[in-house]
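An overview of the molecular structure
Take a look at the letters that make up each chain.
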Amino acid sequence: MGGGSYVRSGLTRNYVALDAMYRGSWIVGQAVDAVAEDMTRAGISLMGVEPEKAAEMQRKLTRMGLWQGITQNIKWGRLYGGSIGVIMVDGQNLQTPLRPETVGKDQFSGIKIFDRWSASPNLTYKIMEGMQMGLPEYYNIPRLGLTIHHSRCIRQIGIDLPFNEAEREEFWGASIVERVYDRLVPFDTATAGASQLLSRAHLRTVSVDGLRNILAQGGIAEENLIKMFALMRSLQSNEGITLLDKEDNFEAHSYTFSGIEGLITQFAQQISGATGIPLVRLMGQSPAGLNSTGESDMRMYYDNIAQQQESRLRYGLQRILDVLHQSMYGKPPEKDFDFSFNPLKQLDAKEKAETADKMTKAITEAYGEDLIDRPTAMKELQRVAEICGIFGSVTPEMIKEALDLVEQAKLDPDGGELDPLTGLPKPPPPMLPGADPAAKPGDKAKPAVKVDGQEASE
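Residues numbered from 1 in each chain as written. Predicted model: local features only at pLDDT ≥ 70, side-chain atom pairs only at ≥ 80, totals over all residues. Heavy atoms only, no water.

Overview of the packing of helix α1 (residues 15-24) against helix α2 (residues 26-41)
Close contact between α1 and α2 brings their axes to 5 Å; oriented N to C, the two are set at 95 degrees. One way to sum up the angle between α1 and α2 is to call them roughly perpendicular. Between α1, through M21, Y22 and G24, and α2, the contact on the second element is made entirely by W26, V28, G29, V32 and D33. Across the contact of α1 with α2, the residue classes tally to five nonpolar, two polar and one charged. (Axes fitted to C-alpha atoms, helices over the stretch in contact; angles between N-to-C directions. Helix = DSSP H or I, 4+ residues; strand = E, 2+ residues; numbered from the N terminus. Parallel < 35°, antiparallel > 145°, perpendicular 65-115°, else oblique. Contact = heavy atoms within 4.5 Å. Nonpolar A, V, L, I, M, F, W, Y, C, P; charged D, E, K, R; others polar.)

Observations concerning the sheet that holds strand β4 (residues 120-126)
Each strand in a sheet pairs with another by means of backbone hydrogen bonds, the pair being arranged parallel or else antiparallel. As summarised here, the arrangement of the three strands in space is β4-β5-β6, forming an open sheet in which the pairing is antiparallel. Looking at which strands have only one partner, the edges of the open sheet turn out to be β4 and β6 (146-149). For this sheet, the mean angle separating the axes of adjacent strands, direction not counted, is 30 degrees. Sheet analysis places strand β5 (residues 136-141) next to β6, joined by four bridges and oriented antiparallel. Residue pairing in the sheet places I141 in a bridge with L146 of β6. (Pairing = 2+ DSSP bridges.)

Some remarks on a negative patch on the surface
On the surface, a cluster of negative charge is contributed by E50, E52, E56, E334, D336 and E397. Topologically, E397 is positioned in helix α14 (residues 396-411). (Patch = residues over 30% accessible without salt bridge, like charges linked within 9 Å, V, L, I, M, F, W, Y side chains within 5 Å. Areas by Shrake-Rupley, 256 points an atom, 1.4 Å probe, with all protein chains shown as cover. Salt bridge = Lys/Arg side-chain N within 4 Å of Asp/Glu carboxyl O. Lys, Arg positive; Asp, Glu negative; His and termini not counted. Charge placed at Lys NZ, Arg CZ, Asp CG, Glu CD.)

Considering the sheet that holds strand β2 (residues 82-89)
Spatial strand order, β3-β2-β7: three strands in an open sheet with antiparallel pairing. Edge positions in the open sheet fall to β3 (108-115) and β7 (153-157), since each of these has one partner strand only. Averaged over all neighbouring strand pairs, the angle between strand axes comes to 20 degrees, with direction disregarded. Alignment of β2 against β3, held across seven bridges, turns out to be antiparallel. Bridge assignment links G85 to a residue of β3, and that residue is I113. Its contacts with the sheet place helix α4 (residues 66-80) against β2, β3 and β7, and it is angled at close to 15 degrees to β3.

Shown next, in the form of structure tokens:
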């Protein structure tokens, strides 16, 4: 159909067409929204920060609408080929580089999203060093009269392009719809054609003697013919009667449309392959085939989402978290501050129980073999709680208490026999009257103390 060649469609630059497709086609909407929503749906786990602070930051991420803004940034980047999320810090000049350590208490007010048609790269100045070399140093927002330094922007693009092509697109990417469009048109054509066939599934024909002559004569003869069929339709609707002349003939033809369902499914599978989204997620369609559950498809999809989270989302999200921590606590996070993306796959009750059993056994065996101490084992049980919802009662205070006992044991290595339950030295027995406070187990007994001329018994 394309003459054996591929040409640039220019769809990415057709803002009106992309907007109409996103608003009017549910498949395009799903292709754009599904990946963006799944990249942020499960959230993150914060590491290297106290549990209380981690919980506060998680609540702040939600209450400030940061997850919603990040999701929109990804959506418009996928739909239009590019988008930026501007980190808004009250009282700071947007044209200056963003330095998280200069953010004051409660100055961070969220992120504002601008798609590529609202934000124009300033191609006069470009980044000359670092991993973003060659990209624009500033972005202009013509409607608001703003110029924003690139360090305050979180870029999201659709499809990565080679340098020359990216330069033609003002260093944005291509819309994901451009790559899907050639498969979307056949799918829409097939579904529209199938819906039109339904109106022809039951055809009725009437053979009228001398019809050609009646139409040729026109006038009263033609009017009477039309009057006859109007009466026939009326009687068929009300009484189910077909009124005919003795010489006329009436026939009903039924059609079966075999193979259309398989054809539409094949087109749907091609769209699924083009978008990288399984049918069960893209169209809500149950997996087909013998013993097919869709589990392998979803696992591959989740792996793809995890890869995109690391390559497209981590850098910008880390910058937001640094600014958020500085704004909330007035200081930068610790050096070991980090985060991990929570897995998309949610375990059911049976899987949680089996996973908890296996993880608990591994932890207790390692503890029993003296490979880990009691505080470490309790920390690992907290991780079990994050995954399976079991051992959630293990609090940071309990872990701190266990750590204090371990430190105490290190200070007094000869503290005596170990407690079989805690793995820590047993507390010393109460001191007897007349006993030497400096005495240790195994020392020879000192001469008995005499009280009023008599030896004191133990």
